[in-house]
Amino acid sequence: SVCQESEFLPAFRVRGTHCVGKSLVLWAGIESRVRSGGPIMRQRGVHSTSVGEKPTLVLGPLTPASHYTGLEGQLGIYYGNKSHGVLQSFQVSLQPSRAWGGDAEHVPLVIAASTVEGRLASRQQTCQEVNVKCRCPFQGSPLMEIQFLLPDNTPRTLHLKLPVVVSKFMERRTFSAQDFFSLWRNESFILHEVTSIVDLAHRLRGSLIHLARCVQLGGALELLTGLDANPDNLVLSGVLPSRDSGAEDVKPAFGVSIVLARIELGTGRYRGKLRIAIRSDSHRLAQALRHLIAAQVS
């Protein structure tokens, strides 16, 4: 299996490194780097596709061991030593995205993680429990920095993205045609509209069902039928619960931050293109959802 390159799945281009399924396999003696991080991982299982090399560190599963309720979530991250030696000075630090700024009081996502053992024996597995709390809409994902010493005392530092995005805290919401178009034409929603035109991935062309599942972001958005005159276009809606604080974008006028989306399939000379239009009472949330949907379908 080859790791697909997208915003949701780490893209490794370093010799001896493979990303397969929900686990990340790193090979001994290889300097690893991540080009774009991966909040959502798709397949299952851990497999070795390299001949003659032994896996050193396995991370996973990230998605099955997570649970979200409202604006709070719990994750279990498993670290396993697959080598025949001991990994020393094992440290994991979770940090806010650099895009969120350095002000701890206004960081949109609060992260609390348990400590991990500093020594991983051969074939040993340990779990780190992570609790997250969403304070307001945000883009991007938290960062993970993993440091350890290989059995020959060679230091290794890995930089990844924790698979936590704003859609994890959202809830699907159904609107009638009257309510939907009333919100869609609302001045606040129009002012916060964001759009994007992307190239539709070949795996999704010709399969409207698969595309519909993809843009729902794991159940964060509800697919609304019968609202668009073109049956090949997709209309979706969802909400992000709000917290009772005075921070920006946290107390929307509707009690929750509402997201409305329209996905338009290109035809004729625009075939293979996809237009994404997001309207919301929160500009930050609209930008985040546009980015997530674009990364899923392109």
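Engineer: Hey, could you run me through the confidence of the model for the protein chain in this one?
Structural biologist: A low pLDDT means the predicted coordinates there should not be read in detail. With 73% of its residues at a pLDDT of 70 or more, the protein chain shows a mean pLDDT of 78. In the model, residues 244-253 has pLDDT below 50 throughout and makes 20 contacts with residues more than four positions away in sequence or in other chains.

Engineer: Help me out: how do you make sense of the sheet that holds strand S9 (residues 143-149) in this one?
Structural biologist: Sheet strands line up and pair through hydrogen bonds in the backbone, either parallel or antiparallel. With antiparallel pairing, the 3 strands of this open sheet are ordered in space as S6-S9-S10. Every other strand in the sheet has two partners, leaving strand S6 (88-95) and strand S10 (155-161) as the edge strands with one partner each. Neighbour-to-neighbour, the strand axes of this sheet turn through a mean angle of 10°, independent of strand direction. Bridge count for S6 against S9 is 6 bridges, and the pairing is antiparallel. Looking at the pairing, Gln91 lines up with Gln147 of S9.

Engineer: Is there a simple way to think about helix H3 (residues 208-215) in this case?
Structural biologist: Since the α-helix turns once every 3.6 residues, residues separated by three or four places project in the same direction. All of the buried residues in H3 are Leu211, Ala212, Cys214 and Val215. Buried residues along H3 cover an arc of 160° about the axis, so they all sit on one side. More than 90 degrees from the buried face of H3, the exposed residues found are Ile209 and Arg213. Tucked into the core, H3 has its buried residues touching strand S13 (222-224), strand S14 (234-241), strand S15 (256-265), strand S16 (273-280) and helix H4 (283-297).

Engineer: Help me out: how do you make sense of the nonpolar core in this one?
Structural biologist: Across soluble globular proteins, nonpolar side chains show a tendency to be buried alongside one another. If you look at the biggest cluster of nonpolar residues, it comprises 59 residues, and the most contacted ones within it are Tyr79, Ile146, Phe169 and Val297. The next biggest cluster of nonpolar side chains, apart from the first, holds 13 residues, and it includes Leu183, Phe189, Leu260 and Ala277.

Engineer: When you look at the packing of H3 against H4 in this model, what are you seeing that I'm missing?
Structural biologist: At their nearest, the axes of H3 and H4 sit 9 Å apart, and the two run at 145° to each other. Note that H3 runs across H4; the crossing there is right-handed. Of H4, the residues touching H3 (which contributes Leu211, Cys214 and Val215) are Ile293, Gln296 and Val297. For the contact of H3 with H4, the class distribution of residues is 5 nonpolar, 1 polar and no charged.

Engineer: Mind showing me how you'd approach helix H1 (residues 177-184) here?
Structural biologist: All buried positions along H1 are accounted for by Phe180, Leu183 and Trp184. Relative to the axis of H1, the buried residues are bounded by an arc of 100° and lie together on one face. Contacts made by the buried residues of H1 are with helix H2 (187-191), S13, S14, S15 and S16.

Conventions we followed
- Residues numbered from 1 in each chain as written.
- Predicted model: local features only at pLDDT ≥ 70, side-chain atom pairs only at ≥ 80, totals over all residues.
- Heavy atoms only, no water.
- pLDDT = per-residue confidence, 0-100.
- Contact = heavy atoms within 4.5 Å.
- Pairing = 2+ DSSP bridges.
- Helix = DSSP H or I, 4+ residues; strand = E, 2+ residues; numbered from the N terminus.
- Axes fitted to C-alpha atoms, helices over the stretch in contact; angles between N-to-C directions.
- Buried < 20%, exposed > 50% of the residue type's maximum accessible area, 1.4 Å probe, protein only.
- Arc of directions from axis to C-beta.
- Core = buried A, V, L, I, M, F, W, Y, C linked by side-chain atoms within 4.5 Å.
- Left-handed = near helix turned anticlockwise from the far one by under 90°.
- Nonpolar A, V, L, I, M, F, W, Y, C, P; charged D, E, K, R; others polar.

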